[in-house]
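The chain contents come next:
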Amino acid sequence: MNTNDFRGALESELSRSFGVTAENAAVWQLHDSISRVVMENISEQWKQSTEQHMSGRRAMYLSMEFLMGRAVYNNLLCLGLTEVVDEALKVHGRSLAELEDIEDAALGNGGLGRLAACFLDSAAAHDIPLDGYGIRYKYGLFKQSIVDGFQHEEADNWTKYGDPWSVRREEDAVEITYGDQKVLAVPYDMPIIGYGTKNIGNLRLWQAESAEDFDFAAFDSGDYDGAVKSQNDAENISKVLYPNDNTDKGKVLRLKQEYFFSAASVTDALRKHKARFGTLDNLADYVTIQLNDTHPVIAIPELIRQLIAEGYTFDGAFGIAHKVFNYTNHTIMAEALEKWDSKVVEKVLPEVYAVILQINEKFYADMYARRMDKAQIREMAPIGDGKVKMAFMAIFVSSYVNGVAAIHTEILKNDALKEWYEIYPERFQNKTNGITQRRWLALCNPELSSLITKLLGNADWVKDLDELKKLEKYADDENVLKEFMAIKEAKKHQLAEFVKVHDDKDIDPDWIFDIQIKRLHEYKRQFLNALSILYIYFGIKDGSIKDFTPTVFIFGAKSAPGYRRAKAIIKLINEIGDFVNADPETADKLKVVFVQNYNVSYAEKLVCAADVSEQISTAGTEASGTGNMKLMLNGAVTLGTYDGANVEIVEEAGEENNYIFGARVEELAEIMPEYDPREILFKDEKIKRVLDKLIDGTFSDGGVPSDQEGSFRELYKALTDGASWHVPDHYYVLGDINSYVETKLRLNADYKDSLAFARKCWLNICNAGKFSSDRTIKDYAENIWKI
Ligand code: 26Q
């Protein structure tokens, strides 16, 4: 399409749908019509790609979460239409930039959901037949605002102005049966447009609706509540995304959600396969299913159940399921491993539970045959202690199990899932995560993209990120480094403008931008970052820290609404900010800013503007991290621990070009059993004066009910005394703080030599090739899916 074609199509679409001209259309109308023109334009191609996927071997990616972000810019980029559309809009005095008001599709919490989105993008770009299956939540992840330093949540009604990138496919609706309820799963399909190829993948999101019509008999007899009850109960299933990441509360509605989309997706696959081939015997030759964590693991007994209903024996069905399923683990933290009360599963999903019992029996039989110790069999069984253990069921049935970074997979094999690895070593693989360079460089950083394309002489890197390696020869080229520095400065200016408008905060683009953006969680240690700022503040005041390069510490993070400590940490960061920012003695050196409603679109602005990427989780806790990769790719140095993908980042880009600190996994294994944080607190005056601030009344945690202690005192006591569920300072905040601050100060001093610092940033960009999700997805395709 050229500019004129697009303009014509857009004008008639606006007139037909809304009776407006491009000049006076509201932003949402403009967005709606642009997308309709695009959707019309790709529809034939999309149909052909779908047919291609369905006629050969394909992979289904089952995920509770797809954190897609804003679709419009990405879709235009992938179609090569960005300029065309912008030109067309300019004729009418409008611009693509106005579409920044369009909401993100935030159907995910964080890393796991965004990874799913990056995978779909990479597969589409590289003609890999992968399709996503998930839930079309009415409300995505809550919107966050900060009021008086506290997080406030608001519902995210993301389809308020429509959802023009989806197509409802009534004809593929599936009936879902629970012990006490029947609902309809209606699919909405979103095209996943491959960059520079004709291939278009599909994301199918299921929406829950009532299987029965509105009950007029009840309504007529005056029973208004009864008349709408079945509808409400049905719609509740896809109403809202659970906002917890890395925890499991075991709620019935959550189990219903998991079964809802798993069963709908399995039914869909069987239906399509049978219609095409007339048999399910060869299902595993054509379909492979990747389970994104344990959330869709209920798909395993569901597939077996449906195969048995089709006449297969249990063993025959199990054999097919074994070939079809693979499971990705995203966490080693015990509290995140899903376990469902057997009684609950039996009540909510009686027929599925009957199959789980059979799987459990087969496990016992198989392990007896291997002469495994009885106690160990009981430990590892899919059903035990009155619970269904989703991870164990997944590993027992699947062909392959994978971790998401080298260190994470090693911990799974040697520690967390050691017993499983001993039985099935051939099942375990590593797939280090990645990110798509289309969104995380080409789209969000056109300035840096242009420089890269200019130096390389082509834009091949957009589909082959290893090309960046060729830029290493410019690492000592002063002109190139200066061009890079000018771009970084421009991106810092852009971010500063946005922060001013969005958060009404002033930040100075001449300062170091030190950025920590990720979900708020104790193991990610935003608390450590906050304490280090206070540490540095006192150091500047008492003169022990000299020549500190002015730094703004930027935080972006959402806390699960019920996670009290995480919320206390948000408030604490804001209190420290108010305190530090207001002190005239430090005001020209230190600043703390917590931005509101960190999401994909905000991330696109933050990652380009960072000088320093904070990746400071306790070693052994962050499975991979993917934000670390986004910041690296845009030329930030990593200030981080030896954890998750940081290990590989440093391996690729050089330890000398990054800032690694803190205890390592092996060291912590030695230290933790003996660790007493109070010894540090009593011996180290500088740490003590920081910690004392939490409880000396300087900061206000907002007052508390009389029967509870203040939340900052609770944070303090978590470090010194622990709590009923954990040892004192179980994330080793105080243990790592000195090495952290030292490293931070070394970085701060290094920054003064701006060319030498830019060189480090540059080498990080050059060596980011490994962290493309193109590499990850090809590895899945080759070594797990065999596509
Ligand atoms: C489970 C049960 C009930 C309610 C919620 C949940 C739940 C929801 C989301 C559990 C976990 C999650 C999300 C986990 C997650 O995002 N993990 C991250 O995955 C990334 C991609 O692999 C990694 O890079 C991160 O290290 C990992 O923390």
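Below, the structure is looked at part by part. (Residues numbered from 1 in each chain as written. Predicted model: local features only at pLDDT ≥ 70, side-chain atom pairs only at ≥ 80, totals over all residues. Heavy atoms only, no water.)

**Describing the overall build of the protein chain**
Reasoning step 1: The helix and strand tally for the protein chain stands at 32 helices and 23 strands.
Reasoning step 2: The C-alpha radius of gyration of the protein chain comes to 27 Å, within 12% of the 28 Å expected for a compact globule of 787 residues.
Reasoning step 3: Overall, the C-alpha framework of the protein chain stretches about 80 × 75 × 65 Å when taken along its three principal axes.
Reasoning step 4: Burial statistics for the protein chain: of 787 residues in total, 60% are counted as buried.
Reasoning step 5: For the protein chain, the share of sequence-separated contacts (at least 6 apart) that also reach a separation of at least 24 residues comes to 77%.
Reasoning step 6: Total accessible area on the protein chain stands at roughly 29,900 Å², and carbon and sulfur atoms take up 48% of it.
Reasoning step 7: The average position of the 91 basic charges and that of the 124 acidic charges among the side chains of the protein chain differ by 2 Å. (Helix = DSSP H or I, 4+ residues; strand = E, 2+ residues; numbered from the N terminus. Rg over C-alpha atoms; globule rule 2.2 N^0.38 Å. Buried < 20%, exposed > 50% of the residue type's maximum accessible area, 1.4 Å probe, protein only. Contact = heavy atoms within 4.5 Å. Areas by Shrake-Rupley, 256 points an atom, 1.4 Å probe, with all protein chains shown as cover. Lys, Arg positive; Asp, Glu negative; His and termini not counted. Charge placed at Lys NZ, Arg CZ, Asp CG, Glu CD.)

**Concerning the packing of helix H5 (residues 111–125) against helix H32 (residues 773–785)**
Reasoning step 1: Between H5 and H32, the least distance of the axes is 9 Å, while the angle of their chain directions is 80 degrees. In terms of orientation, H5 lies roughly perpendicular with respect to H32. Contacts between H5 and H32 pair Cys 118, Phe 119, Ser 122 and Ala 123 from the former with Ser 773, Asp 774, Thr 776, Ile 777 and Tyr 780 from the latter.
Reasoning step 2: Among the residues forming the contact of H5 with H32, the class breakdown is 5 nonpolar, 3 polar and 1 charged. (Axes fitted to C-alpha atoms, helices over the stretch in contact; angles between N-to-C directions. Parallel < 35°, antiparallel > 145°, perpendicular 65-115°, else oblique. Nonpolar A, V, L, I, M, F, W, Y, C, P; charged D, E, K, R; others polar.)

**Concerning the sheet that holds strand S13 (residues 339–341)**
Reasoning step 1: The antiparallel open sheet is built from 3 strands, whose spatial order is S13-S15-S14. Every other strand in the sheet has two partners, leaving S13 and strand S14 (383–384) as the edge strands with one partner each.
Reasoning step 2: Pairing analysis gives 2 bridges linking S14 to strand S15 (residues 387–389), with the strands arranged antiparallel. Pairing of Gly 384 across the sheet is with Lys 387, part of S15. (Pairing = 2+ DSSP bridges.)

**Structural notes on the sheet that holds strand S19 (residues 551–556)**
Reasoning step 1: Pairing in this open sheet of 6 strands is parallel, and the strands run S20-S19-S18-S21-S22-S23 from one edge to the other. Of all the strands in the sheet, just strand S20 (590–595) and strand S23 (659–660) have a single pairing partner and so form its edges.
Reasoning step 2: With 6 bridges connecting them, strand S18 (residues 512–517) and S19 associate as parallel partners. Across the sheet, Phe 513 pairs through a bridge with Val 552, a residue of S19.
Reasoning step 3: Most of the contacts of helix H31 (residues 754–766) go to strand S22 (residues 637–640), to which it runs at about 90 degrees, and overall it touches S22 and S23.

**Considerations on the pattern of salt bridges**
Reasoning step 1: Counted under the stated rule, the structure contains 58 salt bridges.
Reasoning step 2: Two residues, Glu 51 and Arg 276, come together in a salt bridge whose shortest N-O distance is 3.0 Å. In this pair, Glu 51 sits in helix H2 (residues 27–55) while Arg 276 sits in helix H8 (residues 252–277), placing the two residues 225 residues apart along the sequence.
Reasoning step 3: Judged by relative accessible area, which is 41%, Glu 51 ranks as partly exposed.
Reasoning step 4: A residue is classified by how much of its surface remains accessible, and Arg 276, at 37% relative accessible area, is partly exposed.
Reasoning step 5: Here Lys 418 and Glu 422 are joined by a salt bridge, their closest N and O atoms 3.2 Å apart. Residue Lys 418 and its partner Glu 422 are located together in helix H17 (residues 418–423), separated by 4 residues, close to a single helical turn.
Reasoning step 6: For Glu 422, a relative accessible area of 53% gives the class exposed.
Reasoning step 7: Taken together, the shared-partner salt bridges connect Arg 169, Asp 172, Asp 189, Arg 204, Asp 268 and Lys 272 into one network. (Salt bridge = Lys/Arg side-chain N within 4 Å of Asp/Glu carboxyl O.)

**Topic: the site of the ligand**
Reasoning step 1: Of all residues adjacent to the ligand, which total 20 residues, the nearest are Leu 112, His 330, Asn 433, Glu 622 and Gly 625.
Reasoning step 2: Contact distances for the ligand include 3.3 Å between an oxygen atom and a backbone N or O atom of Ala 623.
Reasoning step 3: Per-element accounting of the shell around the ligand gives the leading share, 3 residues, to H5.
Reasoning step 4: Its residues assigned to classes, the shell around the ligand shows 5 nonpolar, 9 polar and 6 charged. (Near = heavy atom within 4 Å. Polar contact = N/O pair within 3.5 Å; in protein donor to acceptor, adjacent residues only side chain to side chain.)

**Section: the layout of surface pockets**
With a probe scaled to a water molecule rolled over the atoms, the places where space remains empty come into view.
Reasoning step 1: In this model, the largest pocket occupies a volume close to 1,000 Å³.
Reasoning step 2: In this structure, the largest pocket is lined by 33 residues; those nearest its centre are Thr 82, Ala 442, Leu 443, Cys 444 and Pro 446.
Reasoning step 3: Elements with a contribution of two residues or more to the lining of the largest pocket: helix H3 (72–79), helix H4 (82–90), helix H18 (437–443), helix H19 (446–456), helix H20 (478–503) and helix H23 (600–609).
Reasoning step 4: Of the residues contributing to the lining of the largest pocket, the split by class is 17 nonpolar, 7 polar and 9 charged. (1 Å grid on protein atoms, 1.4 Å probe; cavity = no way out; pocket = protein on both sides within 12 Å on 5 of 7 lines; lining within 4 Å. Points joined across faces, edges and corners; volume = space filled by probe spheres on them.)

**Things to note about the side chain of Glu 622**
Reasoning step 1: Assignment of secondary structure puts Glu 622 in the loop between strand S21 (612–615) and helix H24 (627–633).
Reasoning step 2: Classification of Glu 622 as buried rests on a relative accessible area of 13%.
Reasoning step 3: Setting aside anything within four residues of it in sequence, one finds Glu 622 in contact with Tyr 523, Lys 524, Ser 617, Asp 643 and Gly 644.

**Quick look at the pairing of strand S9 (residues 181–193)**
Reasoning step 1: Counting buried positions over the 13 residues of S9 gives 11, a clear majority of the element.
Reasoning step 2: Pairing geometry for strand S7 (residues 167–168) and S9, over 2 bridges, is antiparallel. Residue pairing in the sheet places Arg 168 in a bridge with Tyr 188 of S9.
Reasoning step 3: If you look at the hairpin formed by strand S8 (residues 174–178) and S9, you'll find 2 residues sitting between the two strands.
Reasoning step 4: Of the strand pairs in this sheet, S9 and strand S10 (residues 200–210) are connected by 11 bridges, and their pairing is antiparallel. Bridge pairing in S10 places Val 186 opposite Gln 207.

**What to know about the packing of helix H21 (residues 526–542) against helix H22 (residues 564–581)**
Reasoning step 1: For the pair H21 and H22, interaxial distance at closest approach is 10 Å and the crossing angle is 20 degrees. On the basis of the axis angle, H21 is roughly parallel to H22. The element H21 and its partner H22 pack so that their crossing is left-handed. Contacts between H21 and H22 pair Gln 526, Phe 527, Ala 530, Ile 533, Leu 534 and Tyr 537 from the former with Ile 569, Leu 572, Ile 573, Ile 576, Phe 579 and Val 580 from the latter.
Reasoning step 2: Considered class by class, the residues forming the contact of H21 with H22 number 11 nonpolar, 1 polar and no charged. (Left-handed = near helix turned anticlockwise from the far one by under 90°.)

**Overview of the environment of Arg 439**
Reasoning step 1: Relative to the elements of secondary structure, Arg 439 occurs in helix H18.
Reasoning step 2: When its relative accessible area of 5% is taken as the criterion, Arg 439 is described as buried.
Reasoning step 3: The residues touching Arg 439, leaving out its near neighbours within four places in the chain, are Met 68, Gly 69, Arg 70, Asn 74, Arg 114, Cys 444, Val 600 and Glu 604.

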